[in-house]
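Analysis of the macromolecular model
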Amino acid sequence: MALTIAQRQERQRVKQKEAMQRARDKQIAKMKDPAEKAKRLAKAKKKQDQRIAKICSPEYQEQQRKKALERAERAKAKQAAKPPAKRKATKGLKGRTALAEEQRVMDKIGTLPCIACLLHGRDNPIVSLHHVFGRTRIDAHKFVLPLCCWHHDTLPEKEQREQYPDLLPVHAKGKYGGKKQFSEHNGTELELLVKVYEMLGLSLEPLSQFDIIIPN
Ligand SMILES: [Zn+2]
Ligand SMILES: [Zn+2]
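Brief notes about the nonpolar core
Counting 29 residues, the largest nonpolar core has L145, L147, L193, Y197 and L207 as the members making the most contacts within it. Looking at this core, the elements that each hand over two or more residues are α4 (100-109), α5 (115-119), β2 (144-147) and α9 (189-200). Tallying contributions element by element places α9 first for this core, with six residues. Once residues within four sequence positions are removed from consideration, L147 is found in contact with C114, I115, A116, I126, V127, S128, H130, H152, V170 and F182.

See below:
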(Lines give C-alpha, C1' and ligand atoms only; values in the text may rest on other atoms or scores of the structure.)
(Ligands and ions follow the chains in the order given, each with its own letter.)
Protein backbone atom coordinates (compact mmCIF):
# COMPACT_ATOMS: atom_id res chain seq x y z
CA MET A 1 0.00 0.00 0.00
CA ALA A 2 1.31 3.42 -0.93
CA LEU A 3 2.29 5.70 1.93
CA THR A 4 0.26 8.81 2.57
CA ILE A 5 2.04 12.15 2.41
CA ALA A 6 1.85 12.42 6.18
CA GLN A 7 3.45 8.96 6.59
CA ARG A 8 6.22 9.83 4.17
CA GLN A 9 6.93 13.04 6.00
CA GLU A 10 7.01 11.21 9.32
CA ARG A 11 9.43 8.61 7.98
CA GLN A 12 11.64 11.38 6.61
CA ARG A 13 11.61 13.13 9.97
CA VAL A 14 12.63 9.96 11.83
CA LYS A 15 15.48 9.36 9.39
CA GLN A 16 16.77 12.89 9.85
CA LYS A 17 16.59 12.56 13.60
CA GLU A 18 18.57 9.31 13.50
CA ALA A 19 21.20 10.85 11.27
CA MET A 20 21.57 13.79 13.61
CA GLN A 21 21.92 11.48 16.60
CA ARG A 22 24.62 9.47 14.82
CA ALA A 23 26.54 12.65 14.04
CA ARG A 24 26.24 13.78 17.63
CA ASP A 25 27.43 10.40 18.95
CA LYS A 26 30.38 10.54 16.62
CA GLN A 27 31.23 14.04 17.80
CA ILE A 28 31.00 12.99 21.45
CA ALA A 29 33.16 9.92 20.85
CA LYS A 30 35.73 12.17 19.19
CA MET A 31 35.67 14.60 22.11
CA LYS A 32 36.23 11.74 24.55
CA ASP A 33 38.96 10.02 22.57
CA PRO A 34 42.24 10.56 24.47
CA ALA A 35 44.24 10.80 21.26
CA GLU A 36 41.91 13.48 19.93
CA LYS A 37 41.98 15.25 23.24
CA ALA A 38 45.78 15.27 23.27
CA LYS A 39 45.74 16.63 19.73
CA ARG A 40 43.40 19.45 20.72
CA LEU A 41 45.51 20.28 23.77
CA ALA A 42 48.70 20.29 21.74
CA LYS A 43 47.08 22.62 19.23
CA ALA A 44 45.91 25.01 21.94
CA LYS A 45 49.32 24.87 23.61
CA LYS A 46 51.06 25.65 20.35
CA LYS A 47 48.81 28.63 19.77
CA GLN A 48 49.46 29.90 23.27
CA ASP A 49 53.22 29.42 22.92
CA GLN A 50 53.12 31.40 19.71
CA ARG A 51 51.24 34.23 21.37
CA ILE A 52 53.67 34.30 24.31
CA ALA A 53 56.63 34.18 21.96
CA LYS A 54 55.14 37.13 20.10
CA ILE A 55 54.68 39.18 23.25
CA CYS A 56 58.14 38.28 24.52
CA SER A 57 59.85 39.05 21.24
CA PRO A 58 62.16 42.08 21.22
CA GLU A 59 60.30 43.44 18.19
CA TYR A 60 56.95 43.36 19.97
CA GLN A 61 58.41 44.83 23.16
CA GLU A 62 60.10 47.55 21.14
CA GLN A 63 56.82 48.27 19.39
CA GLN A 64 55.02 48.53 22.74
CA ARG A 65 57.72 50.81 24.11
CA LYS A 66 57.42 53.03 21.03
CA LYS A 67 53.66 53.13 21.38
CA ALA A 68 53.94 54.08 25.05
CA LEU A 69 56.41 56.83 24.17
CA GLU A 70 54.14 58.12 21.42
CA ARG A 71 51.21 58.12 23.81
CA ALA A 72 53.25 60.06 26.34
CA GLU A 73 54.33 62.54 23.64
CA ARG A 74 50.75 63.04 22.52
CA ALA A 75 49.62 63.56 26.11
CA LYS A 76 52.42 66.07 26.64
CA ALA A 77 51.50 67.97 23.48
CA LYS A 78 47.87 68.01 24.54
CA GLN A 79 48.84 69.25 27.98
CA ALA A 80 51.01 72.00 26.50
CA ALA A 81 48.16 73.13 24.24
CA LYS A 82 45.82 73.48 27.17
CA PRO A 83 45.60 76.79 29.02
CA PRO A 84 47.10 76.58 32.49
CA ALA A 85 44.65 75.04 34.93
CA LYS A 86 43.19 77.23 37.62
CA ARG A 87 44.46 76.46 41.08
CA LYS A 88 42.05 74.22 42.88
CA ALA A 89 41.09 74.83 46.46
CA THR A 90 41.36 71.13 47.29
CA LYS A 91 44.45 69.04 46.97
CA GLY A 92 42.61 66.59 44.73
CA LEU A 93 44.51 63.65 43.32
CA LYS A 94 47.82 65.33 43.95
CA GLY A 95 47.45 65.34 47.73
CA ARG A 96 50.32 66.87 49.59
CA THR A 97 53.77 66.89 48.12
CA ALA A 98 56.22 64.26 49.27
CA LEU A 99 58.61 65.09 52.04
CA ALA A 100 62.31 64.51 51.37
CA GLU A 101 62.23 61.22 53.25
CA GLU A 102 59.17 60.04 51.32
CA GLN A 103 60.72 61.16 48.04
CA ARG A 104 63.82 59.11 48.80
CA VAL A 105 61.72 55.98 49.27
CA MET A 106 59.60 56.76 46.21
CA ASP A 107 62.67 57.23 44.03
CA LYS A 108 63.99 53.85 45.09
CA ILE A 109 60.68 52.11 44.49
CA GLY A 110 60.49 53.76 41.08
CA THR A 111 63.60 51.88 40.00
CA LEU A 112 61.79 48.54 40.20
CA PRO A 113 59.85 46.93 37.35
CA CYS A 114 56.14 46.15 37.78
CA ILE A 115 56.00 44.17 41.02
CA ALA A 116 52.89 42.23 39.96
CA CYS A 117 54.36 41.24 36.60
CA LEU A 118 57.54 40.19 38.37
CA LEU A 119 55.49 37.88 40.54
CA HIS A 120 54.40 36.10 37.37
CA GLY A 121 57.91 35.92 35.94
CA ARG A 122 57.58 38.84 33.57
CA ASP A 123 59.78 41.90 33.46
CA ASN A 124 57.91 45.11 32.74
CA PRO A 125 60.10 48.13 33.41
CA ILE A 126 57.57 50.80 32.39
CA VAL A 127 55.76 51.60 35.62
CA SER A 128 53.87 54.28 37.44
CA LEU A 129 53.69 54.50 41.22
CA HIS A 130 50.37 53.49 42.74
CA HIS A 131 49.54 55.08 46.10
CA VAL A 132 48.14 52.27 48.22
CA PHE A 133 46.66 54.56 50.90
CA GLY A 134 46.07 57.75 48.95
CA ARG A 135 48.31 60.79 49.02
CA THR A 136 47.48 62.66 52.19
CA ARG A 137 48.15 60.52 55.25
CA ILE A 138 51.46 60.49 57.09
CA ASP A 139 54.09 58.65 55.05
CA ALA A 140 51.53 58.28 52.19
CA HIS A 141 54.26 58.56 49.57
CA LYS A 142 56.21 55.72 51.12
CA PHE A 143 53.35 53.35 50.41
CA VAL A 144 53.62 53.16 46.66
CA LEU A 145 53.76 50.17 44.33
CA PRO A 146 55.55 50.10 40.99
CA LEU A 147 52.86 48.89 38.58
CA CYS A 148 52.67 48.62 34.82
CA CYS A 149 49.67 50.36 33.25
CA TRP A 150 47.82 47.01 32.98
CA HIS A 151 48.15 46.32 36.67
CA HIS A 152 47.50 49.95 37.55
CA ASP A 153 44.70 51.63 35.64
CA THR A 154 44.39 50.30 32.09
CA LEU A 155 42.29 47.36 30.95
CA PRO A 156 44.13 45.16 28.43
CA GLU A 157 42.46 43.83 25.30
CA LYS A 158 40.41 40.67 25.67
CA GLU A 159 43.03 38.48 24.05
CA GLN A 160 45.75 39.72 26.37
CA ARG A 161 43.44 39.30 29.37
CA GLU A 162 42.78 35.71 28.44
CA GLN A 163 46.45 34.99 28.08
CA TYR A 164 47.45 36.78 31.29
CA PRO A 165 44.54 36.49 33.73
CA ASP A 166 46.57 38.38 36.35
CA LEU A 167 46.51 41.58 34.27
CA LEU A 168 43.75 43.25 36.28
CA PRO A 169 44.06 46.96 37.03
CA VAL A 170 44.00 47.71 40.74
CA HIS A 171 41.82 50.69 39.85
CA ALA A 172 38.69 48.93 38.59
CA LYS A 173 37.70 49.39 34.96
CA GLY A 174 34.02 48.54 34.76
CA LYS A 175 33.57 45.02 36.02
CA TYR A 176 37.28 44.26 35.70
CA GLY A 177 39.96 44.82 38.29
CA GLY A 178 39.67 46.67 41.55
CA LYS A 179 41.45 45.81 44.78
CA LYS A 180 39.67 42.48 45.32
CA GLN A 181 40.11 40.97 41.86
CA PHE A 182 43.64 42.34 41.69
CA SER A 183 44.61 40.74 44.99
CA GLU A 184 43.14 37.38 44.03
CA HIS A 185 45.72 37.12 41.28
CA ASN A 186 48.58 39.20 42.58
CA GLY A 187 48.37 39.20 46.36
CA THR A 188 47.19 42.16 48.39
CA GLU A 189 48.72 45.56 47.90
CA LEU A 190 50.22 45.30 51.39
CA GLU A 191 51.81 41.97 50.59
CA LEU A 192 53.31 43.51 47.48
CA LEU A 193 54.52 46.51 49.48
CA VAL A 194 56.35 44.18 51.85
CA LYS A 195 57.91 42.47 48.83
CA VAL A 196 59.00 45.82 47.38
CA TYR A 197 60.54 46.93 50.66
CA GLU A 198 62.38 43.64 51.01
CA MET A 199 63.70 43.77 47.47
CA LEU A 200 65.11 47.22 48.10
CA GLY A 201 66.41 46.42 51.57
CA LEU A 202 64.21 49.18 53.04
CA SER A 203 63.24 49.12 56.69
CA LEU A 204 59.82 47.52 57.18
CA GLU A 205 59.23 49.87 60.11
CA PRO A 206 56.77 52.19 58.29
CA LEU A 207 54.67 49.16 57.37
CA SER A 208 54.50 47.84 60.91
CA GLN A 209 51.47 50.04 61.67
CA PHE A 210 49.38 47.92 59.33
CA ASP A 211 47.78 44.63 60.10
CA ILE A 212 50.18 42.45 58.19
CA ILE A 213 52.39 39.52 58.84
CA ILE A 214 55.89 40.72 58.22
CA PRO A 215 58.10 37.77 57.29
CA ASN A 216 61.27 37.35 59.31
ZN1 LIG B 1 52.32 44.49 35.58
ZN1 LIG C 1 46.96 54.08 41.58
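There is more to say after this.
As for the pattern of salt bridges
Taken as a whole and judged by the stated rule, the model has 10 salt bridges. Notably, a salt bridge pairs E10 with R13, separated by 3.3 Å at the nearest N-O pair. Residue E10 and its partner R13 are both found in helix α1 (residues 5-32); the two are separated by three residues, about one turn of the helix. Accessibility expressed as a relative area gives 37% for E10, which makes it partly exposed. The closest approach of N and O atoms between D139 and K142, which form a salt bridge, is 3.4 Å. A cluster of three or more residues bridged by salt bridges with shared partners is formed by E101, R104, D139 and K142.

Description of a positive patch on the surface
Positive charge collects at one region of the surface, where K26, K30, K37 and R40 lie side by side. Those elements that provide at least two residues to the positive patch are α1 and α2 (34-56). Residue position: K37 is located in helix α2.

Some remarks on the pairing of β2
In β2, alternate side chains face the same way, and those of V144 and P146 on one face and L145 and L147 on the other are all buried. Judged from the four bridges that link them, strand β1 (residues 128-131) and β2 form a sheet pairing that is antiparallel. Directly across from S128, in β2, lies its bridge partner L147.

Quick look at the side chain of H141
Looking at the element boundaries, H141 is found in the loop between β1 and β2. Given the relative accessible area of 4%, H141 is considered buried. A distance of 2.8 Å separates polar atoms of two side chains, one belonging to H141 and the other to H131.

Considerations on the packing of aromatic side chains
To describe a pair of aromatic rings, you give the distance between the ring centres and the angle between the ring planes. Under the defined criterion, the tally for this structure stands at three aromatic pairs. With 5.6 Å between their ring centres and 85 degrees between their planes, F133 and F143 make a pair best called edge-to-face. Of this pair, F133 sits in the loop between β1 and β2 while F143 is found in the loop between β1 and β2, placing the two residues 10 residues apart along the sequence. By relative accessible area, F133 is classed as partly exposed at 28%. What makes F143 buried here is its relative accessible area of 0%. Counting every residue linked through ring pairs, the aromatic cluster contains F133, F143 and F210.

Definitions and limits used
- Residues numbered from 1 in each chain as written.
- Chains lettered and ligands numbered in written order.
- Predicted model: local features only at pLDDT ≥ 70, side-chain atom pairs only at ≥ 80, totals over all residues.
- Heavy atoms only, no water.
- Core = buried A, V, L, I, M, F, W, Y, C linked by side-chain atoms within 4.5 Å.
- Buried < 20%, exposed > 50% of the residue type's maximum accessible area, 1.4 Å probe, protein only.
- Helix = DSSP H or I, 4+ residues; strand = E, 2+ residues; numbered from the N terminus.
- Contact = heavy atoms within 4.5 Å.
- Salt bridge = Lys/Arg side-chain N within 4 Å of Asp/Glu carboxyl O.
- Patch = residues over 30% accessible without salt bridge, like charges linked within 9 Å, V, L, I, M, F, W, Y side chains within 5 Å.
- Areas by Shrake-Rupley, 256 points an atom, 1.4 Å probe, with all protein chains shown as cover.
- Lys, Arg positive; Asp, Glu negative; His and termini not counted.
- Charge placed at Lys NZ, Arg CZ, Asp CG, Glu CD.
- Pairing = 2+ DSSP bridges.
- Polar contact = N/O pair within 3.5 Å; in protein donor to acceptor, adjacent residues only side chain to side chain.
- Phe/Tyr/Trp six-rings, centres within 6.5 Å; stacked < 30°, edge-to-face > 60°.

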